[in-house]
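Fold and geometry: a report
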Amino acid sequence: MTDLDRTIHEPARLRIVTILSGVDVADFNFLLETLGLTKGNLSSHIDRLERAGYVEVTKSFKGKMPHTEFRLTSDGREALAAYWDSLDAIRALRDNTGSEQ
Amino acid sequence: MSQSSEPRDDPRQIAKWAERYARSRTIPFLVQWVFILLIVVVLGALSQGALTAWRHEQAGVQWACVVAIAVVTLGLLWFSVARWGQQQIWRISQWVYGKEGYAAYRGAGAAAGAAKRMRWVPAAAALLALYHLVGAVLAGLHMLPMKLLLPFSAPCMILFLGVMIVSQRLGFWAWLWPVLYGLHAVLLAAGAPLPFVERWEFVHIIVAVFGWGALSMVVGHLYSRYALRRLKKLARSGLSETGADAPGPGPEPGGDGA
């Protein structure tokens, strides 16, 4: 049986890395608004992804306002691709088992 | 990732809509566009003033207009390259986009090569400007009919726009501009019954440069609204029932909360 990456498998984190896989860079407010999470939740999910080496966090200032940007690392991109492959393999296995029964 | 045969509710669609949204954020372009348009209007008025003063032999007014043209042109160049100009565009864009945040698409692995790739842009823009200056001089000397200024401009402009669209990986909306530009030029060259004749023929080049450009950006902006709506719907579906809203640590005070 194919193992799924538990870091990515969590629904909110899966959505974060999937969004980041479609863009070059996104900021905190974009992820917050798009996902509809609380600031605390988003921060904790990002923290987990950053610790896993999947997301790169860049903090800066735009004028006097702090601005935080995120981009998917190459490790994150590979992990997401592997995740989809694993998920497809599980689905295929499930479909084959279902048709045999 | 194989994404060709995904159903419409597949989470992988989130990446597609995020990309479509990021490639269609046109407000920064529109802000620059309005600024350039204002500068062109000012330059046009000053040029007209200088010409009128020259005809009436008012040397003082004529030189004042020439100096003002030089100052405005330098101001435009400064705004285009200065950090302050970029900050103003960012501030206005953020104000227009409200709280939806920022996302950008430059293509996979583009960040490293982007600066290197874009070095040729000022050179290409200078060549484009020179080509159009030649066209304007020819039109001024009555060696090129004003009506044919747009067909004269079209091959060079369409090539430039096409290269810019591909290199900057802009969305489909951006192609509207060269397509409409080319169509307008062909209709004009073919003698189609278009408005703006005789002394108003110069309006065609203005419509092609500013009108079709602005139209394509407005279409891009409207598409970005649609893409964002689709993205939000997909990204938020199923989150609340899956425990994603489990309590986490509180946000940092102030700023973006990250």
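**Side note on helix 2 (residues 27-55) of chain B**
Taking 1.5 Å as the rise per residue, helix 2 of chain B with 29 residues should run 42 Å; its terminal C-alpha atoms sit 42 Å apart, in good agreement. In the stretch just after helix 2 of chain B, B:Glu57 is the one whose phi turns positive, near 55°.

**Concerning the packing of helix 7 (residues 149-167) of chain B against helix 8 (residues 176-189) of chain B**
Residues and elements named next belong to chain B. Interaxial distance between helix 7 and helix 8 falls to 9 Å at its minimum, and their mutual angle equals 165°. In terms of orientation, helix 7 lies roughly antiparallel with respect to helix 8. The handedness of the crossing between helix 7 and helix 8 comes out as left-handed. In contact with Leu 150, Pro 151, Ala 154, Met 157, Ile 158, Leu 161 and Gly 162 of helix 7, helix 8 contributes Trp 177, Pro 178, Tyr 181, Gly 182, His 184, Ala 185, Leu 188 and Ala 189. Split into classes, the residues belonging to the contact of helix 7 with helix 8 amount to twelve nonpolar, three polar and no charged.

**As for the nonpolar core**
Core analysis: the largest hydrophobic core is formed by 39 residues, its most contacted members being A:Val17, A:Ile19, A:Leu20, A:Ala26, A:Leu31, B:Ala18 and B:Leu231. When contributions to this core are tallied by element, the ones reaching two or more residues are helix 2 (11-22), helix 3 (28-35), helix 4 (39-51), strand 3 (65-72) and helix 5 (74-100) of chain A together with helix 1 (13-23) and helix 9 (203-236) of chain B. Once residues lying within four places of it in the same chain are set aside, the contact partners of B:Leu231 are A:Thr34, B:Ile14, B:Trp17, B:Ala18 and B:Tyr21. B:Phe152, B:Ala174, B:Trp177 and B:Leu188 belong to the second-largest nonpolar core, a separate cluster that totals 17 residues.

Reading guide: rules and limits
Residues numbered from 1 in each chain as written. Chains lettered and ligands numbered in written order. Predicted model: local features only at pLDDT ≥ 70, side-chain atom pairs only at ≥ 80, totals over all residues. Helix = DSSP H or I, 4+ residues; strand = E, 2+ residues; numbered from the N terminus. Expected span 1.5 Å × (residues − 1). Axes fitted to C-alpha atoms, helices over the stretch in contact; angles between N-to-C directions. Parallel < 35°, antiparallel > 145°, perpendicular 65-115°, else oblique. Left-handed = near helix turned anticlockwise from the far one by under 90°. Contact = placed C-beta atoms within 7 Å. Nonpolar A, V, L, I, M, F, W, Y, C, P; charged D, E, K, R; others polar. Core = buried A, V, L, I, M, F, W, Y, C linked by C-beta atoms within 7 Å. Buried ≥ 20, exposed ≤ 12 C-beta atoms within 10 Å, placed from the backbone.

Coordinates in, geometry out; function isn't part of it.
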